[in-house]
Amino acid sequence: MEEVRVRFAPSPTGELHVGGVRTALFNWLFVRNRGGEMILRIDDTDKQRSSPEYLDSIISSMQWLGLDWDEGPGAGGKYGPYFQSERLEIYQGEAQRLLEKGQAYYCFCTAEELQAEKEKQRQMKQPPRYSGRCRELTPAEREQKKAAGGSYVVRLLMPKEGETVVRDIIRGEVTFDHANLDDFIIVRSDGLPTYNFASVVDDYKMKITHVIRAEEHLSNTPRQQILAQLLGYSIPQYAHVPMILAPDHSKLSKRHGATAVQEYKEMGILPEALINYLTLLGWSPGDDQEILTREETVRSFSLERVSKNPAIYDLTKLIWLNGHYLRTMELQTVTERALPFFQKNEEIWAAYQKSLLKIEDVVALVRDRVKTLQEIVEASVYFFLEDFPYDEKGVKKHFSRENTGAILNETAKTLEKVEPFKTEKLKEELQSLGRKLEVSLGKINLPTRLVVTGRTMGPDLFDIISLLGKEKVLARFQRARELFFQE
């Protein structure tokens, strides 16, 4: 079996988004399933829009998700450099080879001339494409134009007749008519290669066996196959993964929720949940299983199970998955992941450092009812702050009832005597109080929860009271009495 080599080639002109990371993930799963090599290549020839900050963000996002690579930045490898900006001599040499063989030519058309061509084609309701006027220039005419000092690009001499068949692992055979393909640019006027040219050269030089990329690149593939054939290259196997669309089937954008990996991280999504969710965007294990470990997915992943149809982005589903991971992960791991979110909230962090409570004990109580790491902090406020707000609807409903003040006074007296101040004993004593007062346990528990937490819902009330301790709980009864039950 041949060695499998795949590449993920992001451009550092923006953050790593959902579509890009899903492509990286499918490359990673495929190559880990086949025991091959994953290459990270940085397509940074767009100098105006590329930035070191975006590059750092892409690399840190992949590291956070656990999508490691075998060759590329930080890993080395024998087929480098792995930045396209450092491979310009290679592209120049291959372009020169095509020019010398008459398979490429210099084009001197100005931007104004090309725009006029497009406008004429638009008026005639023809698809916009280069007319090929410079392909007919004689060698003498080309030299004369070069000597005149004008700018020029290099175009590939494309066949005018016939077809190119792309054999795609996901989509089967896709046929492209050469009549619809124009002589595309392979080297821009500034000497830098275009995407189609550099990618073909790099994929061959780096011995890439499978090109797994987004569906939007399918239209580029016939050009790339023709270019590879003219250069005498072998053609890799292609697999174009489906688009990710918004719930309304429009193009996915920021208005549909977070789209960049860093945004998911900042909102408290776990990398395991994001990987699980993205795995199921366009791929299925063949059953209705929704919770997949990375190891399970690697064992069962194949490109043949990737759908041709667009995948629909569903933020609600992702957040649901995240909640599952928060509930089922090791408590220590969840606590470690939540810690930076606690530290970001200066008020809570300062109060925690003066508190005797352990964050792990608080996380253990609240994690069953939250769906993000950020929500863990929000659900923990009353454990650390004494001046928490009270739910207004809860106050109107529970504190306005007749005898509530008297019931709470009796509750506080009972709690003051409870020893040990532990869950089961607390529950037993308040049940006993309910029988004594001839009221339901709800008429004690609901206002007590509001007194102790400011909320009407949350973890088990007796677990909360036990964790807070007698002193804090009784102080909160006093605060509520002063605020709501003064005669």
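Residues numbered from 1 in each chain as written. Predicted model: local features only at pLDDT ≥ 70, side-chain atom pairs only at ≥ 80, totals over all residues. Heavy atoms only, no water.

Draft legend 1. Region of interest: the overall build of the protein. Looking only at helices and strands, the protein features 22 helices and 11 strands. The C-alpha radius of gyration of the protein comes to 32 Å, more than 25% above the 23 Å expected for a compact globule of 487 residues. Along the three orthogonal principal directions, the C-alpha set of the protein runs to about 110 × 50 × 40 Å. Buried residues in the protein amount to 49% of all 487 residues. In the protein, the share of contacts with a sequence separation of at least 24, taken over all contacts with a separation of at least 6, comes to 76%. As presented, the protein carries roughly 24,400 Å² of accessible surface, and 48% of it is formed by carbon and sulfur atoms. (Helix = DSSP H or I, 4+ residues; strand = E, 2+ residues; numbered from the N terminus. Rg over C-alpha atoms; globule rule 2.2 N^0.38 Å. Buried < 20%, exposed > 50% of the residue type's maximum accessible area, 1.4 Å probe, protein only. Contact = heavy atoms within 4.5 Å. Areas by Shrake-Rupley, 256 points an atom, 1.4 Å probe, with all protein chains shown as cover.)

Draft legend 2. Summary view of the sheet that holds strand E3 (residues 104–107). Pairing is antiparallel in the open sheet, where 3 strands are placed in the order E3-E4-E7. Every other strand in the sheet has two partners, leaving E3 and strand E7 (185–187) as the edge strands with one partner each. Across the sheet, the axes of successive neighbouring strands diverge by a mean angle of 45°, strand direction being ignored. In this structure, strand E4 (residues 153–156) lies alongside E7, joined through 2 bridges in antiparallel fashion. Looking across to E7, one finds that Val-154 is bridged to Val-187. (Pairing = 2+ DSSP bridges. Axes fitted to C-alpha atoms, helices over the stretch in contact; angles between N-to-C directions.)

Draft legend 3. Representation of the layout of surface pockets. Roughly 1,300 Å³ of volume is contained in the largest pocket. Taken together, 39 residues form the lining of the largest pocket, with Gly-19, Gly-20, Ala-214, Glu-216 and His-217 sitting closest to its centre. Looking at the lining of the largest pocket, the elements with two or more residues in it are strand E1 (5–8), helix H1 (18–34) and strand E8 (210–214). Considering each element in turn, the lining of the largest pocket owes the most residues, 5 residues, to H1. In terms of residue class, the lining of the largest pocket is built from 15 nonpolar, 13 polar and 11 charged. (1 Å grid on protein atoms, 1.4 Å probe; cavity = no way out; pocket = protein on both sides within 12 Å on 5 of 7 lines; lining within 4 Å. Points joined across faces, edges and corners; volume = space filled by probe spheres on them. Nonpolar A, V, L, I, M, F, W, Y, C, P; charged D, E, K, R; others polar.)

Draft legend 4. Expanded view of the nonpolar core. Judged by nonpolar contacts, the single largest core of 104 residues is most densely connected at Phe-26, Met-62, Leu-67, Phe-342, Ile-376, Phe-383 and Phe-384. In terms of residue count, H1 provides more of this core than any other element does, 9 residues in total. Filtering out sequence-adjacent residues up to four positions away, Met-62 remains in contact with Phe-8, Leu-16, Ala-24, Met-38, Leu-40, Leu-67 and Trp-69. Ranked by size, the runner-up nonpolar core spans 30 residues in total, among them Tyr-91, Leu-181, Phe-184 and Leu-231. (Core = buried A, V, L, I, M, F, W, Y, C linked by side-chain atoms within 4.5 Å.)

Draft legend 5. Highlighting the packing of helix H14 (residues 359–366) against helix H21 (residues 461–468). Packing of H14 against H21 leaves a shortest axis separation of 11 Å and a crossing angle of 170°. Considering the angle they form, H14 stands roughly antiparallel to H21. Two secondary-structure elements touch here, H14 through Asp-361, Val-362 and Leu-365 and H21 through Asp-463, Ile-464 and Leu-467. Tallied by class, residues from the contact of H14 with H21 come to 4 nonpolar, no polar and 2 charged. (Parallel < 35°, antiparallel > 145°, perpendicular 65-115°, else oblique.)

Draft legend 6. Structural detail: the packing of aromatic side chains. One pass over the structure, following the stated rule, counts 14 aromatic pairs. Judged by centre distance (5.8 Å) and plane angle (90°), the rings of Tyr-352 and Phe-384 are edge-to-face. Taken together, the residues Tyr-352 in helix H13 (residues 346–354) and Phe-384 in helix H16 (residues 381–384) connect sequence positions 32 residues apart. Three or more aromatic residues link up through ring pairs in this structure, and these residues are Phe-388, Tyr-390, Phe-399, Phe-484 and Phe-485. The side chain of Arg-294 reaches across the aromatic face of Trp-28, ending 5.6 Å from its centre. (Phe/Tyr/Trp six-rings, centres within 6.5 Å; stacked < 30°, edge-to-face > 60°. Lys NZ or Arg CZ within 6 Å of the ring centre and 35° of its normal.)

Draft legend 7. Structural context of the environment of Thr-45. Tracing the chain through its elements places Thr-45 in the loop between strand E2 (37–40) and helix H2 (52–65). Every residue in contact with Thr-45, bar those within four places of it in the chain, is listed here: Gln-84, Ser-85, Arg-188, Leu-192 and Pro-193.

Draft legend 8. Spotlight on the pattern of salt bridges. On inspection of all chains with the given rule, the structure shows 25 salt bridges. A salt bridge links Glu-173 to Arg-167; its shortest N-O distance comes to 3.3 Å. Comparing Glu-173 with Arg-167 shows no difference in burial state: the two are exposed. Measuring nitrogen to oxygen at the nearest pair gives 2.7 Å for the salt bridge that ties Glu-272 to Arg-337. Of this pair, Glu-272 sits in helix H9 (residues 271–279) while Arg-337 sits in helix H12 (residues 331–344), placing them 65 residues apart in sequence. Beyond isolated ion pairs, a larger network of salt bridges with shared partners links Arg-7, Arg-41, Asp-43, Arg-87, Asp-202 and Asp-203. (Salt bridge = Lys/Arg side-chain N within 4 Å of Asp/Glu carboxyl O.)

Draft legend 9. Highlighting the pairing of strand E6 (residues 172–177). One ladder, built from 6 bridges, connects strand E5 (residues 163–168) with E6; its direction is antiparallel. When the bridges of E6 are listed, Val-165 appears paired with Thr-175. Counting the residues in the hairpin turn of E5 and E6 gives 3 residues.

Draft legend 10. Just the packing of H12 against H13, in detail. Following both chains from N to C, one finds H12 and H13 inclined at 105°, their axes separated by 5 Å at the closest point. Taken together, the axes of H12 and H13 lie roughly perpendicular to each other. The segment H12 lies against H13, with Leu-339, Phe-342, Gln-343 and Lys-344 engaging Glu-346, Ile-348 and Trp-349. Among the residues making up the contact of H12 with H13, the classes are represented as 4 nonpolar, 1 polar and 2 charged.

Draft legend 11. Up close: unusual backbone geometry. Each neighbour pair has its own omega, and for Gly-80 with Pro-81 the value is 0°, a cis peptide bond. Along the chain, Pro-81 turns up in the loop between H2 and helix H3 (88–100). Here the bond from Glu-419 into Pro-420 is cis, since omega is -5°, no more than 30 degrees from zero.

Draft legend 12. How the structure looks around the side chain of Ser-466. Note on placement: Ser-466 falls in helix H21. Ignoring anything within four residues of it in the chain, the contact list for Ser-466 reads Phe-421, Lys-422, Thr-423 and Leu-426.

Draft legend 13. Examining the environment of Lys-308 more closely. Within the fold, Lys-308 resides in the loop between helix H10 (294–300) and strand E11 (311–312). Judged by its relative accessible area of 48%, Lys-308 is partly exposed. A sequence separation of 66 residues divides Lys-308 from Pro-242, and the C-alpha atoms of the two residues are 5.7 Å apart.

Coordinates in, geometry out; function isn't part of it.
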